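# Understanding the architecture of this molecule
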Number of protein chains: 2
Amino acid sequence: MAKRPSPTFLSLPDPPAEHQRVVVVGAGFGGLRLARKLAGTSGFQVVLVDRHNYHTFQPLLYQVATAGLESGSIVYPIRRTFRGAENVHVRLATVQRVRPEEKVLDTDEGALPYDVLVIATGSKPKFFGDFAEKADALLTLKTLPNALDLRSWINQQFERALEQENADWRKRNLSIAIVGGGPTGVELAGALAEMRTHVLPKDYPDVDFSRMAIVLFEAAPRLLGGMSDGASNKAAAFLRKLGVDVRLDTPVQRYEDGILYAGKDGEHQVETESIIWTAGVEGAPVEGLDGLSKGQRIAVDRFNRVPELDGVYAIGDVAEMQTDAFPKGHPMLAPVAQQQADLLVKNLDRLQKGQEPKPFTYKDKGSMATIGRHKAVVDLPQFSFHGALAWFVWMFVHIFSLVGFKNRIVALLDWSFNYFTYDRSLSLIVRPYRRRTPPKEEAVEESVAAES
Amino acid sequence: MAKRPSPTFLSLPDPPAEHQRVVVVGAGFGGLRLARKLAGTSGFQVVLVDRHNYHTFQPLLYQVATAGLESGSIVYPIRRTFRGAENVHVRLATVQRVRPEEKVLDTDEGALPYDVLVIATGSKPKFFGDFAEKADALLTLKTLPNALDLRSWINQQFERALEQENADWRKRNLSIAIVGGGPTGVELAGALAEMRTHVLPKDYPDVDFSRMAIVLFEAAPRLLGGMSDGASNKAAAFLRKLGVDVRLDTPVQRYEDGILYAGKDGEHQVETESIIWTAGVEGAPVEGLDGLSKGQRIAVDRFNRVPELDGVYAIGDVAEMQTDAFPKGHPMLAPVAQQQADLLVKNLDRLQKGQEPKPFTYKDKGSMATIGRHKAVVDLPQFSFHGALAWFVWMFVHIFSLVGFKNRIVALLDWSFNYFTYDRSLSLIVRPYRRRTPPKEEAVEESVAAES
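For the structure given in this document, a descriptive report is provided here. Just so we're clear, the structure is a prediction, and the values are computed from it rather than from any experiment.

## Examining the packing of aromatic side chains
Residues and elements named next belong to chain A. Under the criterion given, the structure shown has 34 aromatic pairs over all chains. Measuring from ring centre to ring centre gives 6.4 Å for phenylalanine 128 and phenylalanine 131, while their planes differ by 85 degrees; the resulting arrangement is edge-to-face. One aromatic cluster is present, formed by Phe127, Phe128, Phe131 and Trp277 through successive ring pairs.

If you want it as structure tokens, here you go:
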């Protein structure tokens, strides 16, 4: 009993005779949808593997980061989704690599043989240039721990600003730069600007928040690249009305001594200790696959098959399906992942019945983004609108997209409180966030202090 | 701008003329109450210092640990409590030491001169014998991060049990030992036993939870030492009905190779990786004070004054006030801290007016503990009762004790869901808990693996 037996195979019941084992990696929008649709069907044993024990509703992470929603409202324990589904087995494990020739997936909890493998591992932040080296000094927003770290960090910075007598340093503690004008960057900038107006002056009466800069940098000529020109322009106008410094056509260059340089020649400068990186993502593939695209995505055909590998599929953000309509691959959006999952379930069933699979076609149902109270933009296939109605539509669509009845009630409650009180009550620093690499000038300060 | 100016004094406005600066260390039950009562009064500038930016309702930490309540429901941002109170300044800082002769408190954010210092730093877990060396392998429950770590850890253990084919190891992963039969140990044991019956079999259908032992060790002959004999006996009976192995008169001895030895000769053994330590607390005093008691508490007189130090007071758990009724000091309970805070506010006012202060007398309003659904015990000064009524009383008293209207609503909602569904929805492993010192046998396993 002195030694815990090392796992060789992940502990699982054998699939019943004639059943195929479908291993799904990742319980994001694509993987979760696929496993749900396979739950209760005959012919398949489903093993859903994720490194977290919960599904994350990523579009609302920025709300957790800005103290508008409880963290528990936007995540849901994966096991609860599959209660009573006897053919679905949830396993918490970190995937190490796939061995496609043996049809085995290696995880830290043991090996997992499969008949069908569905890779639905999503995407991760991508850093470029000087920022690749300094990634540890950047804040991101892809996971719940990221969102909680961001919440802690900005609140820690406000506390530091309060304790700081030097006005220039105070400004550096207060200011926030957001890199990337996609939906996450836009929604975050709007939420921070509203906090600056309505919440922070009440909590920190001794701090002058007119010194708090919120700067949004976008390399392209417009925000929300995936949406209509009207929505882009309106979003920029809404943000500027809220006091966000929106800098279009302004790529960021480097971060040095606490200063972010942006613009072609680094002519725009922001002194800040808080850079939130939403500028780009790349695929987060499983190791063991050849021929990834430049964006680290796995090339798939119209049936989400990975070419030349038997029984291996990829769906969602990690899959690059090129078509005439999408020569660079489909956009990295939840509806793409979900629609691919829906079709793949049908195709797996067709294949088992000896029928031909059907090719994927993306149906764009529209997109939306919220900037602040009564300020949102909605693009539908036929028309676009914005303002208060768009904002209410955005809110209800998001509440009903949450998993779990109680999560919806609590989110509705939180938002109602925030709406009527113009307030946010969750400014908690539960786990203070400490950067792994402190910014350069702090290291300098410490050595100076040690010498003096 | 290369060097952040080192703080010398904590940044604060000077107190108005004729005002005394009251520095309160700790925003627990005592410190928060004191600062609230001084808010808006004239004659005092209050500086409330805490290392967290929120107040924790400690009696319900075990509910967060057992996935019954959202973490946000039992904590409340300190700043929000003092919005609009111009004479109260909240500072997030870690206290380093007090220099009583200079009347200065040193913090990591700079020095803080005081006229009156109120030490309300509470208590911390106390480990003895073999366990003092192995504290890193024990789980505690004094702070919100502790509760979240405990929640993560037990859920991680269930996941490991599922992945484990070896039945003995599986039992070790599942079993939980609780050391200490005070309110925290009793309430935690009851909540875990209810999870084992109602929640876990639904989430882990492949695991046989009859193999999960929940053992509660108490060195004294009865549980809930501070309550009546009737309450103690009833609590033990409730726990045993829920399947908890209650071991009275059974001090724990040592933890070795994954086995907890208890009883006079170590005759009771539990194989477990989860030992929750609620066996004792000691004062958490500020450095720089002489003459602490054996329990690390600060001796105070009937006016909560620290003898021979000008303007220094201690209240609550950290203060040891000996009286005829309490020769070993008052019990470490929230009502004692709150009543001492109430009196100290009056006495500070009396002193400022040149009047004599009044001595403290504790008014015991009763105590209660909950074991499970419809199972609680309540001791009132005149009589005791237990069962379903006691349970509802417990629940409403605790809901109304929470800080913040929204917290009460969300807690009520969570508890209503849990009550009607016999379920708990918050089994999230947001931040996996990793012990700093792995248990010995895991280290052995790794070296064996490296050699083979």
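There's more to say after this.
## A word on the pairing of strand 16 (residues 268–271) of chain A
Residues and elements named next belong to chain A. Bridge count between strand 15 (residues 259–262) and strand 16: four bridges; the pairing is antiparallel. In the sheet register, tyrosine 261 faces strand 16, and the bridge partner there is glutamine 269. Between strand 15 and strand 16, which follow one another and run antiparallel, lie five residues, and glycine 263 among them has a positive phi close to 90 degrees.

## Here we look at the nonpolar core
One recurring pattern in soluble globular proteins is that nonpolar side chains are buried together. Counting 69 residues, the largest nonpolar core has A:Leu60, A:Ile74, A:Ile178, A:Leu192, A:Leu223 and A:Leu239 as its most contacted members. Discounting residues that sit within four places of it in the chain, A:Leu192 has contacts with A:Thr66, A:Ile154, A:Ile176, A:Ile178, A:Ile214 and A:Ile276.

## Considerations on the side chain of A:Ser152
All names here are of chain A. Relative to the elements of secondary structure, serine 152 occurs in helix 5 (residues 144–162). For serine 152, a relative accessible area of 2% puts it in the buried group. Apart from residues no more than four positions distant in its own chain, serine 152 is found in contact with Leu428, Ile429, Val430, Arg431, Pro432 and Tyr433.

## Quick look at the interface of chain A and chain B
Note: interface size is frequently given as the accessible area lost on complex formation between the parts. On the chain B side, the residues contacting the 67 residues of chain A number 67 residues. Here chain A meets chain B over a buried area of about 6,500 Å², counting both sides, of which 52% is carbon and sulfur. The tally of links from chain A across to chain B stands at 14 salt bridges. Its salt-bridge partner being B:Arg79, residue A:Glu159 comes within 2.6 Å of it at the nearest N-O pair. Summed over the shared surface of chain A and chain B, the result is 20 residue pairs in polar contact (both at pLDDT 80 or more). Looking at the side of chain A that touches chain B, the elements with two or more residues in it are strand 4 (75–77), helix 3 (78–81), strand 5 (88–92), helix 5, helix 6 (167–174), helix 7 (183–203), helix 11 (405–421) and helix 12 (440–451) of chain A. Class assignment of the residues belonging to the side of chain A that touches chain B gives a composition of 29 nonpolar, 11 polar and 27 charged.

## Digging into the relation of the copies chain A and chain B
Each copy superposes on the other: chain A lies on chain B with an RMSD of 0.0 Å after a rotation of 180 degrees and an axial shift of 0.0 Å. This pairing of chains is accounted for by a two-fold axis. Ranked by how close their C-alpha atoms come to the rotation axis, the residues of chain A are headed by A:Val410, at 3.5 Å. Of the residues that chain A buries at the interface, 100% are likewise interface residues in chain B, meaning the two copies contact each other through the same surface.

## Considerations on the sheet that holds strand 8 (residues 110–113) of chain B
Residues and elements named next belong to chain B. The strand order 6-7-8 describes an open sheet built from three strands, whose pairing is antiparallel. For this open sheet the edge positions go to strand 6 (95–99) and strand 8, each flanked by a neighbour on one side alone. For this sheet, the mean angle separating the axes of adjacent strands, direction not counted, is 20 degrees.

## Quick notes on the pattern of salt bridges
Following the criterion strictly, the structure yields 44 salt bridges over all chains and no others. With its nearest N and O atoms 3.8 Å apart, the salt bridge here joins A:Arg160 to A:Glu273. Remark: A:Glu273 occurs in the loop between strand 16 and strand 17 (274–277) and A:Arg160 occurs in helix 5; sequence separation between them is 113 residues. The class for A:Glu273 is buried, based on a relative accessible area of 0%. Across the pair A:Glu256 and A:Arg254 runs a salt bridge, and its minimum N-O distance is 3.3 Å. Here the residues in one salt-bridge network are A:Arg80, A:Arg83, B:Lys202, B:Asp203 and B:Asp423, joined through shared partners.

Rules and cut-offs
- Residues numbered from 1 in each chain as written.
- Chains lettered and ligands numbered in written order.
- Predicted model: local features only at pLDDT ≥ 70, side-chain atom pairs only at ≥ 80, totals over all residues.
- Heavy atoms only, no water.
- Phe/Tyr/Trp six-rings, centres within 6.5 Å; stacked < 30°, edge-to-face > 60°.
- Pairing = 2+ DSSP bridges.
- Helix = DSSP H or I, 4+ residues; strand = E, 2+ residues; numbered from the N terminus.
- Core = buried A, V, L, I, M, F, W, Y, C linked by side-chain atoms within 4.5 Å.
- Buried < 20%, exposed > 50% of the residue type's maximum accessible area, 1.4 Å probe, protein only.
- Contact = heavy atoms within 4.5 Å.
- Buried area = accessible area lost by both parts, 1.4 Å probe.
- Salt bridge = Lys/Arg side-chain N within 4 Å of Asp/Glu carboxyl O.
- Polar contact = N/O pair within 3.5 Å; in protein donor to acceptor, adjacent residues only side chain to side chain.
- Nonpolar A, V, L, I, M, F, W, Y, C, P; charged D, E, K, R; others polar.
- Least-squares fit on C-alpha atoms with pLDDT ≥ 70 in both.
- Axes fitted to C-alpha atoms, helices over the stretch in contact; angles between N-to-C directions.

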